[in-house]
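Okay, here's what each chain looks like letter by letter:
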Amino acid sequence: MKISVVIPAYNEEENLPEVAARVKEHLAGRYERELIFVDDGSRDGTQRVLRELRAQDPEIHYVLLSRNFGHQSALRAGIDYATGDCVISLDADLQHPPRLLPELLGHWLDGYDIVYTQRQDDERLPWLKRQTSSAFYRVMNGLSSVDFEPGTADYRLIDRRVADVVRSSPDVDLFLRGFVHWAGFRQKRVAYTPDARFRGTTKYTVRKMVKLALNGITSFSVRPLHFATLAGVGVSGLAFLYALYALFILIFTDDAVPGWASVLISVLFIGGIQLLVLGIMGEYLGKLFIQAKQRPPYLVSETDSGLPAPAGAPRPRTPFSPSDASL
């Protein structure tokens, strides 16, 4: 059996040798292995380190993206290039502990198609990270039609047939953790406590987390549009009742005094609801616009010479070697 391990990296030059060593240590045995590092447009020495690792170890491969396309696109690139009977994805910062790899493989050998991990609460994580993560899953479960377990991320094993489903998806902006849950198949959960980051600082900012949340919600649910409809009906009803009240005051009482406060509140309230509804509609229209253009989810600038290109994909350039001079 062949095991593919996909490791996206963005400015992780200090962590790459360590994560490669630990993954190989925990996958030692009867498996044929390939480690596919996907550089997501790093600005440090990540590309240099990957070339050095490849020169030292034929089991290590790399895919260099032409720019930073985002974590989900980097994962998808690694899955596209993976050739193993199963594909394991984990981050390069070593917060996803490689010691879980034998357990993931054990469940896969027992017949599970997807083995995903669930992070347990860890007080060592920054307070903001824990709160934003918790809020992310609450919002996702409240607005999405897919049930997301809190703490699940992109540390998972998927069978070859699941990887082929991911590869065949026409989605340009694919939300992988939601897509894998949506796909079904036999799934198994493995709980773990994350390790501390080996070196460096996190690259996942609040802005990126908000973008990921919006992508997940709009990819798997139209409930926000239902909310917009209900909000419009509710505000219209309140406006109608207020109009009846104003007519009653005008016709049957002498208290009709022109006031700017009521008018201002009404205008701001209704205007705010209108902007909210337009914003929700704009998110969906934006996704339709991006999907309609059918641009590739990522572009590859270079791979090592030992990594075959996915079916139907153009062959990216490989590093120059002296033998190329005769061509």
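Up top is the structure.
Residues numbered from 1 in each chain as written. Predicted model: local features only at pLDDT ≥ 70, side-chain atom pairs only at ≥ 80, totals over all residues. Heavy atoms only, no water.

1. Structural notes on the overall build of the chain
Alright, step 1. When its secondary structure is counted, the chain shows 10 helices and 8 strands.
Alright, step 2. Scored against the burial criterion, the 327 residues of the chain give a buried share of 42%.
Alright, step 3. A total accessible area of about 17,400 Å² is found for the chain, and carbon and sulfur atoms account for 61% of it. (Helix = DSSP H or I, 4+ residues; strand = E, 2+ residues; numbered from the N terminus. Buried < 20%, exposed > 50% of the residue type's maximum accessible area, 1.4 Å probe, protein only. Areas by Shrake-Rupley, 256 points an atom, 1.4 Å probe, with all protein chains shown as cover.)

2. Some words on helix α3 (residues 71–81)
Alright, step 1. Counting buried residues along α3, 10 of its 11 residues qualify, which places the element largely inside the surrounding structure.
Alright, step 2. Along α3, the residues classified as buried are Q72, S73, A74, L75, R76, A77, G78, I79, D80 and Y81.

3. A short note on the nonpolar core
Alright, step 1. Formed by 33 residues in total, the largest nonpolar core has its most connected members in I3, V23, F37 and L105.
Alright, step 2. With residues near it in sequence (within four places) discarded, F37 still touches I7, L16, V19, A20, L50, I60, H61, Y62 and V63. (Core = buried A, V, L, I, M, F, W, Y, C linked by side-chain atoms within 4.5 Å. Contact = heavy atoms within 4.5 Å.)

4. What to know about helix α2 (residues 46–56)
Alright, step 1. Among the residues making up α2, those that are buried are T46, V49, L50, L53 and R54. Within α2, the buried residues cover an arc of 135° as seen down the axis, which keeps them to one side. Turned more than 90 degrees from where α2 packs its buried face, A55 and Q56 sit exposed.
Alright, step 2. Next to the buried residues of α2 lie β1 (2–9), α1 (16–26), β2 (32–39) and β3 (60–65). (Arc of directions from axis to C-beta.)

5. Some remarks on a nonpolar patch on the surface
Alright, step 1. Together, L278, M281, L285 and L288 give the surface a local cluster of nonpolar side chains, amounting to about 420 Å² of exposed area.
Alright, step 2. In this fold, L288 is placed in helix α10 (residues 260–293). (Patch = residues over 30% accessible without salt bridge, like charges linked within 9 Å, V, L, I, M, F, W, Y side chains within 5 Å. Salt bridge = Lys/Arg side-chain N within 4 Å of Asp/Glu carboxyl O.)

6. Points about the packing of aromatic side chains
Alright, step 1. Inspection of the entire model under this criterion finds 1 aromatic pair.
Alright, step 2. Their ring planes at 85° and their centres at 6.0 Å tell us that Y155 and Y192 sit as a pair that is edge-to-face. Taken as a pair, Y155 in strand β6 (residues 152–159) and Y192 in strand β7 (residues 187–192) lie far apart in primary sequence, 37 residues in all. Residue Y155 shares its accessibility class with Y192, and that shared class is buried.
Alright, step 3. Here R67 stacks its cationic end above the ring of F69, 3.9 Å away from the centre of that ring. (Phe/Tyr/Trp six-rings, centres within 6.5 Å; stacked < 30°, edge-to-face > 60°. Lys NZ or Arg CZ within 6 Å of the ring centre and 35° of its normal.)

7. Some thoughts on unusual backbone geometry
Alright, step 1. Residues other than glycine seldom take positive phi values, yet N11 does so here, at roughly 55°.
Alright, step 2. Structurally, N11 can be placed in the loop between β1 and α1.
Alright, step 3. Using a relative accessible area of 22% as the deciding quantity, one classes N11 as partly exposed.
Alright, step 4. Phi angles above zero are rare outside glycine, and L94 is one such case at about 70°.
Alright, step 5. Locating L94 in the fold gives a position in the loop between β4 (86–89) and α4 (101–109).

8. Considering the environment of V277
Alright, step 1. Looking at where V277 falls in the secondary structure, it is placed in helix α10.
Alright, step 2. Assessed through its relative accessible area of 17%, V277 is described here as buried.
Alright, step 3. As for V277 and A231, which are separated by 46 residues in sequence, their C-alpha atoms are 8.1 Å apart.

9. Points about the sheet that holds β6
Alright, step 1. Strand order across the open sheet formed by 8 strands is β7-β5-β6-β4-β1-β2-β3-β8, with mixed pairing between neighbours. Each end of this open sheet is capped by a strand with a single partner; those strands are β7 and β8 (300–303). Between one strand axis and the next, the sheet turns by 20° as a mean value, whatever way the strands run.
Alright, step 2. The pairing of β1 with β2 spans 8 bridges and is parallel. Among the inter-strand pairings, S4 is bridged to a residue of β2, identified as E34.
Alright, step 3. Most of the contacts of helix α7 (residues 176–183) go to β6, to which it runs at about 50°, and overall it touches β5 (114–119), β6 and β7. (Pairing = 2+ DSSP bridges. Axes fitted to C-alpha atoms, helices over the stretch in contact; angles between N-to-C directions.)

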